[in-house]
Amino acid sequence: LAPETRLRQPLRVMVDSTGRTPTNVKMFTLPGRNLVATSNVSAQKRQALEAAGAEVMQVEGSSTRVDLKTLLRELGHFEVNEILLECGPTLAGAMLAQQCIDELVLYVAPRVLGDNARGLFSLPGLEKLADAATLDISDVRSVGKDVRIIANVVSSA
């Protein structure tokens, strides 16, 4: 393709504080840049990730967690000004609790799970309505059988 018709690939960022990511993940074979943000990874694992096609970014944090606000500041140096999170409840909960989320785009499927299913956010200690995050819903629409909700975060948990 001519340069002006090529698709611009997003910077893919995997938050992996201790370098648990296998080197054979499909992400590393896709076109575009792949960044693994870590706070505690061995030199051997770093070399293996780099050999697999990842850039490894050391970000301050604890031995088990990347400091998310520092990560966002560092991504700003790459001219990243919008992030789409595709993650589990632990990272989603940490991003919300640390006030790193401006807007949520939620898809609700017509299914019900029990209380032992994985939730959308892991937010330990939030058990009272008074402690809940407050959202301002700006759009609700059907997408096939699902419902898409777009909401701005007014206050974080």
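Scroll up for the structure.
All values reported here derive from a predicted model rather than from experimental measurement.

The rules behind these values
Residues numbered from 1 in each chain as written. Predicted model: local features only at pLDDT ≥ 70, side-chain atom pairs only at ≥ 80, totals over all residues. Heavy atoms only, no water. Helix = DSSP H or I, 4+ residues; strand = E, 2+ residues; numbered from the N terminus. Buried < 20%, exposed > 50% of the residue type's maximum accessible area, 1.4 Å probe, protein only. Contact = heavy atoms within 4.5 Å. Areas by Shrake-Rupley, 256 points an atom, 1.4 Å probe, with all protein chains shown as cover. Lys, Arg positive; Asp, Glu negative; His and termini not counted. Charge placed at Lys NZ, Arg CZ, Asp CG, Glu CD. Core = buried A, V, L, I, M, F, W, Y, C linked by side-chain atoms within 4.5 Å. Pairing = 2+ DSSP bridges. Right-handed = clockwise from strand over helix to strand, strands pointing away.

Student: Quick question: what am I supposed to make of the overall build of the protein chain here?
Tutor: Helix and strand counts for the protein chain come out as 3 helices and 6 strands. Traced from its N-terminal end to its C-terminal end, the protein chain shows the element sequence β-β-α-β-α-α-β-β-β. Judged by the C-alpha coordinates and their principal axes, the protein chain covers about 45 × 45 × 30 Å. For the protein chain, buried positions account for 27% of its 157 residues. Excluding contacts between residues fewer than 6 apart, the proportion of contacts in the protein chain whose partners are at least 24 apart in sequence is 44%. Accessible area of the protein chain: about 11,100 Å², with a carbon and sulfur share of 50%. In the protein chain, 17 side chains carry a positive charge and 18 a negative one; their mean positions are 6 Å apart.

Student: Can you walk me through the nonpolar core in this structure?
Tutor: Nonpolar side chains in soluble globular proteins tend to be buried together. Within the largest apolar cluster, 9 residues are counted, these being Leu68, Met95, Leu96, Cys100, Ile101, Leu104, Leu106, Ile149 and Val153. Those elements that provide at least two residues to this core are helix 3 (89-97), strand 4 (103-108) and strand 6 (146-155). Aside from chain neighbours lying at most four places away, what touches Leu104 is Phe121, Leu135, Ile149, Ile150, Ala151 and Val153. Val25, Val41, Leu49 and Val56 belong to the second largest nonpolar core, which has 8 residues in total.

Student: Would you mind showing me how to read the pairing of strand 3 (residues 55-58) here?
Tutor: When a strand is regular, its side chains alternate between the sheet's two faces. Summarising the sheet, strand 2 (residues 34-38) and strand 3 pair through 4 bridges and their orientation is parallel. Note on strand 3: the bridge partner recorded for Thr38 is Gln58. Since strand 2 and strand 3 lie parallel, the crossover through helix 1 (residues 43-52) that links them has a hand, and here it is right-handed.

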